[in-house]
Amino acid sequence: PIPMLTPAYSREIFQTNFVSKTHLVSALIKNKKISSPGRLINVSSISAHYGSKHVAIYSSSNAASESFMRSVGKAFLKKKITVNSVAVNAIWTPVFEGLSADNPVFNTPLGQGEVADVANAVFFLCQKGSNFITGETLFLTGGQMEYDD
């Protein structure tokens, strides 16, 4: 919750979800590890778009990473390197180990998402058939069109 936010917590979340991505992209560019044509895929959260009173810093850090990646995408247009994000709803991972499968966080019209769903979305964006997609966010919501917290 917002009243419990501390500078240390905010730094930790932004370091994990935003700063680390800027360092990775910078290292890839510096070491010429991105070939042309190529792909950069950012995995984010739908909370970047809907916000949440429970995870405000997490939502903000993911929004920052998506904005950063769109800017990187603009810089790479002439090199034919596409840059996209995949914004994911809550999917079943060990992070949610203590929650039951019927917890509202997993209550989407299409049921519970799995790690394979994210992998398939990233795989799609890496395929030749997605050459014309850049600067976009692919939403994996399970049919949940609004994020209600």
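What you see is a predicted model, and the numbers here were worked out from it, not measured in a lab.

Thresholds applied
Residues numbered from 1 in each chain as written. Predicted model: local features only at pLDDT ≥ 70, side-chain atom pairs only at ≥ 80, totals over all residues. Heavy atoms only, no water. Core = buried A, V, L, I, M, F, W, Y, C linked by side-chain atoms within 4.5 Å. Buried < 20%, exposed > 50% of the residue type's maximum accessible area, 1.4 Å probe, protein only. Helix = DSSP H or I, 4+ residues; strand = E, 2+ residues; numbered from the N terminus. Expected span 1.5 Å × (residues − 1). Contact = heavy atoms within 4.5 Å. pLDDT = per-residue confidence, 0-100.

## Some remarks on the nonpolar core
Residues Val 25, Ile 34, Leu 40, Met 69, Val 72, Phe 76, Ile 81 and Val 83 constitute the largest nonpolar core, which totals 8 residues. Put simply, the parts of the chain that give this core at least two residues each are α3 (56-75) and β2 (81-88). Judged by nonpolar contacts, the second largest core, of 7 residues, contains Val 86, Ile 91, Ala 121 and Leu 125.

## Section: α3
Because each turn of an α-helix spans 3.6 residues, side chains separated by three or four positions end up pointing in the same direction. Here α3 contains 20 residues, and its C-alpha end-to-end distance of 29 Å stays within 8% of the 28 Å for a straight helix at 1.5 Å per residue. Looking only at α3, the buried set comprises Ile 57, Ser 59, Ser 61, Asn 62, Ser 65, Glu 66, Met 69, Val 72 and Gly 73. Buried positions along α3 lie against α1 (7-30), β1 (38-45), α2 (47-50), β2 and β3 (137-140).

## Quick word on the confidence of the model for the protein chain
Mean pLDDT for the protein chain: 89, with 93% of residues reaching 70 or above. For the protein chain, the element scoring lowest by mean pLDDT is α2, at 90; helix α4 (residues 115-126) scores highest, at 97.

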